[in-house]
Amino acid sequence: MLPGVGVFGTGSTARVLVPLLKAEGFEVHALWGRSEEEACCLAKELGIPFHTSRSDDVLLHQDVDLVCIYIPPSMTRQIAVKALGIGKNVVCEKAATTVDSFKMVTAARYYPQLLSIMGNTLRFLPAFVAMRQLLVEGYVGELQVCDVRVYGPSLLDQSYGWTCEELMGGGGLHTVGSAIIDLLSYLSGTRAHRVHGLLRTFVQQNGLIRGIRRVTSDDFCFFQMLMGGTGSSSVCCTVTLNFNMPGSFVHEVMVVGSTGRLIARGTELYGQRNGSKSEELLVGDNGWVGPEVKEMPLPLLQGLSSMVKALRQSFQAKEERRCWARGPVATAPTFEDGLYVQTVVEAVKRSSSSGEWECVEIMSHEPDPNQNLCEALKRNKN
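The rules we used
- Residues numbered from 1 in each chain as written.
- Predicted model: local features only at pLDDT ≥ 70, side-chain atom pairs only at ≥ 80, totals over all residues.
- Heavy atoms only, no water.
- Pairing = 2+ DSSP bridges.
- Helix = DSSP H or I, 4+ residues; strand = E, 2+ residues; numbered from the N terminus.
- Axes fitted to C-alpha atoms, helices over the stretch in contact; angles between N-to-C directions.
- Phe/Tyr/Trp six-rings, centres within 6.5 Å; stacked < 30°, edge-to-face > 60°.
- Lys NZ or Arg CZ within 6 Å of the ring centre and 35° of its normal.
- Buried < 20%, exposed > 50% of the residue type's maximum accessible area, 1.4 Å probe, protein only.
- Contact = heavy atoms within 4.5 Å.
- Nonpolar A, V, L, I, M, F, W, Y, C, P; charged D, E, K, R; others polar.
- Core = buried A, V, L, I, M, F, W, Y, C linked by side-chain atoms within 4.5 Å.
- Expected span 1.5 Å × (residues − 1).

Spatially, six strands are ordered 3-2-1-4-5-6 in an open sheet, and the strand pairing comes out parallel. Since the sheet does not close on itself, it has two edges, and those belong to strand 3 (50-52) and strand 6 (116-118), each with one partner. With direction set aside, neighbouring strand axes in the sheet form an average angle of 20°. Relative to strand 3, strand 2 (residues 27-32) runs parallel, the two being bridged by three bridges.

According to the stated counting rule, one finds three aromatic pairs in the structure shown. Centre to centre, the rings of Tyr110 and Tyr111 are 5.0 Å apart; their planes meet at 80°, and the pair counts as edge-to-face. Sitting over the ring of Tyr139, Arg273 keeps its end group 4.0 Å from the ring centre.

For strand 7 (residues 143-151) and strand 11 (residues 250-257), the ladder comprises eight bridges, and the chain directions are antiparallel. Note that in strand 11 the partner of Leu143 across the bridge is Gly257. As consecutive antiparallel partners, strand 11 and strand 12 (residues 260-265) are separated by two residues.

What follows is about the pairing of strand 10 (residues 234-242). For strand 10, the buried fraction is high: seven of the nine residues fall into the buried class. For strand 7 and strand 10, the ladder comprises seven bridges, and the chain directions are parallel. The partner of Asp147 across the bridge, within strand 10, is Thr238. Bridge count between strand 9 (residues 220-228) and strand 10: nine bridges; the pairing is antiparallel. The residue of strand 10 that forms the bridge with Met225 is Cys237. Where strand 9 folds back on strand 10, the antiparallel hairpin that results is connected by five residues, among which Gly231 adopts a positive phi of roughly 65°.

In the contact formed by helix 6 (residues 126-137) and helix 7 (residues 172-188), the axes pass within 8 Å of each other and the chain directions differ by 40°. Contacts between helix 6 and helix 7 involve Phe128, Val129, Met131, Arg132 and Leu135 on the former and, on the latter, Leu183, Tyr186 and Leu187. Taken together, the residues that form the contact of helix 6 with helix 7 break down as seven nonpolar, no polar and one charged.

This paragraph deals with the nonpolar core. Judged by nonpolar contacts, the single largest core of 47 residues is most densely connected at Phe128, Met131, Leu184, Phe223, Met225, Leu262 and Val344. When residues of this core are assigned to their parent elements, the largest contribution, nine residues, is made by helix 7.

Its 20 residues give helix 9 (residues 335-354) an end-to-end C-alpha distance of 29 Å, which sits within 8% of 28 Å, the value for a rise of 1.5 Å per residue. Most of helix 9 sits inside the fold, with 14 of its 20 residues counted as buried. Downstream of helix 9 by one or two residues, Gly355 has phi in the positive range, about 75°.

Here's what the structure looks like:
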């Protein structure tokens, strides 16, 4: 028996997610939007019976047992933690800070019987599922290098909002880079321990964002990660993100090892062993039969579809609608993975400011919010 779903968000992801959920047999009972007008408009468009701008109205809805959260990062932690506390299963996007991510991890640990996963859909894309399996089977030998390029149009909204603000989770690094960081950890089975990065904001104003307002979120980012072991045994990763290319989209992930390489271009996977004269197509593009969404690249779109299918399989395996089986969603990123990713993101930002390599140290306890005040009082006493 599938759980009833409540969706938070009215953006492009929510517009695609709801039809995908319905196609897999889920009933979407409630929709939350930042305003009544936004929520009402999308609810009518997608045929959702209940809409609201009050988060508790969705969380306390008697027919909602699974909450999907696709809202600005600065709001994610509050809704996710409250949803778990009420007893709802949660699928959500990234938070805005490591402190927010840590609070989400704490809540997930407190309610281990509830589903709590991050919505990085790239892990579910067939090309990357196959890439990971081939890496495990030794197709490329010993993994040495990962190289990722993502180029596309601007990520900014039509009006000034959270996508323009670095502190609110906007920018290519946080929006797209976080998914790439998680993907590389999933593919390699390791985590970054040192990073070095460079962030730039080339478009600070445009025809719609002008006057006293300026964009602070990055539209170009380049960073390196050393993953796994130390010294020469580390996997070297480079990631380039450029969102100053209107009308085009490039999504390429290459892994190189001692005996070959694998390359995912869009939704297709190619491989070439050392000594071979040409690449071989390992996973083709079977074609997308769902709705076309200009704001969502095809790899994310197909990954989202595969994730929804996995959710259906997970809940269908149990008779009670709130219960779920771990198997179908075993590869999904956990809230702990989300904390790791956010830690790497903030380390890259520190590196961009300092110009130095930065260590990745994952938070083990929540910092004292009054720490700076306490230190100031101690200095005054001395």
